[in-house]
Amino acid sequence: MHHSPAVIITRLRHLLQRLRTEAYRPLAPLHLEAWLTPEPVPFDHRSDGRSQRLELGRSWGRLWDCAWVRVSGRVPEDEIGQDLVLRLDLNGEALVCDGTGRPVCGLTNTASIFHRPLGEPGKTVVALADLGCGPEIEAWLDVGANDLFGTLQDQGAVRLADLCRRDRAMIALGYDLEVLVSLYEALPADRARSKRLLQIMTETERLLTRLDPATIATARQWLAPMLARRGGDPSLTVSALGHAHLDLAWLWPIRETRRKNVRTFATVLNHMPRHPDYLFGCSQAQLFAWLEEDQPDLFAAVRDRIADGRIEPLGCMWVEPDINLPSGESLIRQIAHGLDYYDRTFGHRPRHCFVPDCFGYSCSLPQILAGCGIDSFLTQKLSWSTTNVHPHHSFCWRGNDGSQVLAHLFPSDTYNSPQTPAHILKSERNYIDAGVSSHLMTYFGIGDGGGGPGEEHLERLARIGNLDGLPPVVQRRTEAFLADWSRESAAFATHSGELYLERHQGTLTTRGEVKRGNAMMEEGLRGLECWAALARIHAGHAYPRAALHRLWQETLLYQF
């Protein structure tokens with residue numbers, strides 16, 4: 001019987017869901033014991049809170065409650081040596097630690113609010129090998145009763161707590177099929193490539209009536225030639241960098257931002273040994289500074305990855321600030337404090353500004369950037385405008401004094417790219433300046449509430465690097481992209497004046513007390529610095545450099 005392409009794709013998506021489910025075979029339940037506190041406590045005080053046994057389907061806390069949860073169990077004797085994982089979903093965000101308190105990775109509940117076309121936000125799998133466990137299982141979870149966006153899903157009920165055997169071949173088959181389904185849906189249906197894709201996927205779906213190892217191996221062999229097809233000489237190259245955009249103060253308290261930060265970096269480091277091409281970029285010097293304070297050992301590992309080029313400090317600012325309300329002096333301080341921290345801590349001084357999620361960009365910014373030695377600017381926020389489409393993705397941006405910087409707006413229209421073939425082709429179709437530029441940048445991973453790339457992002461990239469039907473995708477640092485992209489800038493158009501966002505206008509007018517408080521801090525710090533300088537010059541008093549440094553950094557933080 002012949003079915004329409006729509007029916008076949010629907011059946012393939014059902015098959016993908018089946019593969020995701022059956023790839024993890026439950027072996028034994030895990031025991032969960034929690035110690036609840038209203039605020040986070042360190043690992044050494046993990047049992048100071050109120051003790052509670054956690055059970056599947058039952059709530060363990062209210063919004064913003066915290067807990068240390070001990071996960072325990074035993075590996076069945078006949079499963080020792082197998083590829084075993086813990087699957088955990090406590091309907092919150094969690095940092096997984098081993099028995100010594102060493103951070104291993106971050107977890108996020110599957111029910112988190114997120115724009116699903118950009119990917120599934122849930123992270124629920126912990127490899128037993130990463131915990132260093134023997135037959136006796138022990139792990140500790142630093143859990144918050146909140147999802148990525150600061151809400152409590154299902155009243156905080158425990159959804160998943162199992163020891164499972166993982167079927168790597170079944171998972172790999174799922175990624176093979178997912179990439180090809182996405183590619184088929186993104187290509188014109190009348191192309192020979194599309195017709196061949198549909199035919200081979202239809203045959204594969206018919207084969208997979210059962211999911212035994214021999215059938216899975218045969219299916220992967222059938223699909224391999226489709227994934228091995230390479231494109232010719234490219235007209236466009238997509239540079240991709242892992243990212244975890246993290247709003248420092250939005251729908252959660254700042255103390256939760258600091259915990260999100262630790263979870264994100266632990267997850268990044270956990271993925272890197274298994275994915276040697278994986279590169280990650282983190283903007284906002286404040287995040288590195290918090291990690292240095294909160295988790296010195298984890299920070300040392302991050303610093304090592306920065307030294308070997310696997311992690312890139314993005315942008316030049318202390319935080320990603322609003323560009324409209326802070327004074328010009330504050331924006332200069334954002335750059336000065338950001339560059340000083342990067343230079344002092346990592347021996348690195350970025351020459352680009354990375355502010356992807358601000359509600360419009362003042363025409364004074366090119367002057368400030370150029371004056372601070374910054375020559376490039378990156379964002380995507382203008383894609384949110386409700387009426388007019390900005391006429392360029394790659395252009396020279398001229399400020400109100402005539403200063404210029406090069407600007408790149410991500411054609412993907414997001415900093416949360418899922419790295420599917422459909423999304424890569426969207427970037428190619430969107431790229432307004434493809435006639436004068438053969439390079440574009442994309443950032444992938446789960447953001448806004450942090451978390452970053454998951455296994456799915458990296459497995460897709462392993463399959464689509466130079467897949468026929470797509471522009472080649474290369475994992476690269478932002479600075480490497482900018483070096484190639486800027487060589488084409490002589491052909492870029494020039495845009496003069498502000499980059500106005502036709503959205504969120506009320507955020508700049510409705511909170512007068514916030515604007516007043518910021519202005520008071522800016523004026524107060526200016527006065528304090530002047531009087532302190534005069535006191536040093538005329539009376540020999542010590543200049544309070546360290547105190548002013550701390551005051552400025554707190555002020556800059558609140559300008560996020």
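For the structure itself, consult the block above.
Residues numbered from 1 in each chain as written. Predicted model: local features only at pLDDT ≥ 70, side-chain atom pairs only at ≥ 80, totals over all residues. Heavy atoms only, no water.

1. Notes on the pattern of salt bridges
For step 1, the next point in the chain: By the definition in use, this model includes 40 salt bridges.
For step 2, the next point in the chain: For the salt bridge of Glu-39 with Arg-255, the shortest nitrogen-to-oxygen distance reads 3.0 Å. Note that Glu-39 is positioned in the loop between β2 (31-37) and β3 (50-54) and Arg-255 in helix α6 (residues 254-271), a separation of 216 residues in sequence.
For step 3, the next point in the chain: Taking relative accessible area as the criterion, Arg-255 reaches 19% and is therefore assigned buried.
For step 4, the next point in the chain: Between Arg-351 and Asp-375 there is a salt bridge, with the nearest N and O atoms lying 3.1 Å from each other. Of this pair, Arg-351 sits in the loop between α9 (328-346) and β14 (352-354) while Asp-375 sits in the loop between α10 (365-371) and β15 (376-379), and the two are 24 residues apart along the sequence.
For step 5, the next point in the chain: If you follow the salt bridges from partner to partner, you end up with Glu-39, Glu-93, Asp-142, Arg-255, Glu-256, Arg-259, Lys-260 and Arg-263 in one network. (Salt bridge = Lys/Arg side-chain N within 4 Å of Asp/Glu carboxyl O. Helix = DSSP H or I, 4+ residues; strand = E, 2+ residues; numbered from the N terminus. Buried < 20%, exposed > 50% of the residue type's maximum accessible area, 1.4 Å probe, protein only.)

2. A word on the packing of helix α4 (residues 192-207) against helix α5 (residues 213-228)
For step 1, the next point in the chain: Interaxial distance between α4 and α5 falls to 10 Å at its minimum, and their mutual angle equals 180 degrees. Judged on the interaxial angle alone, α5 and α4 are roughly antiparallel. Of α5, the residues touching α4 (which contributes Arg-193, Arg-196, Leu-197, Ile-200, Glu-203, Thr-204 and Leu-207) are Thr-215, Thr-218, Ala-219, Trp-222, Leu-223 and Met-226.
For step 2, the next point in the chain: The residue makeup of the contact of α4 with α5, split by class, is seven nonpolar, three polar and three charged. (Axes fitted to C-alpha atoms, helices over the stretch in contact; angles between N-to-C directions. Parallel < 35°, antiparallel > 145°, perpendicular 65-115°, else oblique. Contact = heavy atoms within 4.5 Å. Nonpolar A, V, L, I, M, F, W, Y, C, P; charged D, E, K, R; others polar.)

3. A look at the sheet that holds strand β4 (residues 66-74)
For step 1, the next point in the chain: In spatial order, the strands read β3-β2-β4-β9-β6-β7; together these six strands make up an open sheet with antiparallel pairing. Every other strand in the sheet has two partners, leaving β3 and β7 (103-108) as the edge strands with one partner each. Shown here is a sheet whose adjacent strand axes are inclined to one another by a mean of 25 degrees, direction ignored.
For step 2, the next point in the chain: Bridging between β2 and β3 involves five bridges; their strand directions are antiparallel. The residue bridging Trp-35 from the neighbouring strand is Ser-51, located in β3. (Pairing = 2+ DSSP bridges.)

4. Let's talk about the sheet that holds strand β5 (residues 84-89)
For step 1, the next point in the chain: Spatial ordering of the open sheet is given by β1-β10-β5-β8, a layout of four strands whose pairing is antiparallel. The sheet is open, and its two edges are formed by β1 (24-29) and β8 (125-127), each paired on a single side. Shown here is a sheet whose adjacent strand axes are inclined to one another by a mean of 35 degrees, direction ignored.
For step 2, the next point in the chain: Bridge analysis of β1 against strand β10 (residues 160-166) gives five bridges, and the strand direction is antiparallel.

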